[in-house]
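So the chains spell out like this:
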Amino acid sequence: LKNSTAEKKPRGSGSRYIGSMVADVHRTIMYGGIFGYPGDKKNPNGKLRLLYEGAPMSFLIEQAGGISTTGTERVMDIEPKSVHQRVPVILGSKNMVQEIVDAYKSQSN
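As a starting point, this report considers the structure included with it. (Residues numbered from 1 in each chain as written. Predicted model: local features only at pLDDT ≥ 70, side-chain atom pairs only at ≥ 80, totals over all residues. Heavy atoms only, no water.)

## Here's the deal with the overall build of the protein chain
Then, number 1: Helix and strand counts for the protein chain come out as four helices and five strands.
Then, number 2: Scanning the protein chain from its N terminus toward the C terminus, one meets helices and strands in the order α-α-β-β-α-β-β-β-α.
Then, number 3: Taken as a whole, the protein chain presents about 7500 Å² of accessible surface, with 51% of it coming from carbon and sulfur. (Helix = DSSP H or I, 4+ residues; strand = E, 2+ residues; numbered from the N terminus. Areas by Shrake-Rupley, 256 points an atom, 1.4 Å probe, with all protein chains shown as cover.)

## Here's the deal with the pattern of salt bridges
Then, number 1: For the structure shown, the criterion picks out three salt bridges.
Then, number 2: With a closest N to O distance of 2.7 Å, Arg 74 and Asp 77 form a salt bridge.
Then, number 3: Through salt bridges with shared partners, one network takes in Glu 62, Arg 74 and Asp 77. (Salt bridge = Lys/Arg side-chain N within 4 Å of Asp/Glu carboxyl O.)

## Here we look at a nonpolar patch on the surface
Then, number 1: Together, Ile 29, Met 30, Tyr 31, Phe 59, Leu 60 and Met 76 make up an exposed nonpolar region whose accessible area comes to about 620 Å².
Then, number 2: Those elements that provide at least two residues to the nonpolar patch are α2 (21-31) and α3 (50-63).
Then, number 3: A residue is classified by how much of its surface remains accessible, and Met 76, at 30% relative accessible area, is partly exposed. (Patch = residues over 30% accessible without salt bridge, like charges linked within 9 Å, V, L, I, M, F, W, Y side chains within 5 Å. Buried < 20%, exposed > 50% of the residue type's maximum accessible area, 1.4 Å probe, protein only.)

## Quick word on the environment of Ile 78
Then, number 1: Mapped onto the fold, Ile 78 is located in the loop between β3 (67-69) and β4 (86-87).
Then, number 2: Each C-alpha atom of the pair Ile 78 and Leu 50 lies 8.4 Å from the other, and the pair is 28 residues apart in sequence.

By themselves, these figures tell us nothing about what the structure is for.
This is the structure in structure tokens:
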């Protein structure tokens, strides 16, 4: 994942982390880019809750013309199995998120 984004980083862009998903997603909508909270070894299903964080922000991003994914599937296509179900979330501009999805696909092959 690091390799696919580091090589294609647009000039003038950098990492930002405000610490609030709403503020980070607002910045992504206003200035472009990508927001990611993927799963890791400790939390393979991610830490963001589908019903309270993942789906609402995914809806807003998609309405703004972007895409939202877990890396393998569209967040809005996930049918909740529990109220506090957690999911990995990657959302933002179409081109940047598609690069991440392609990186996930190449890792799984």
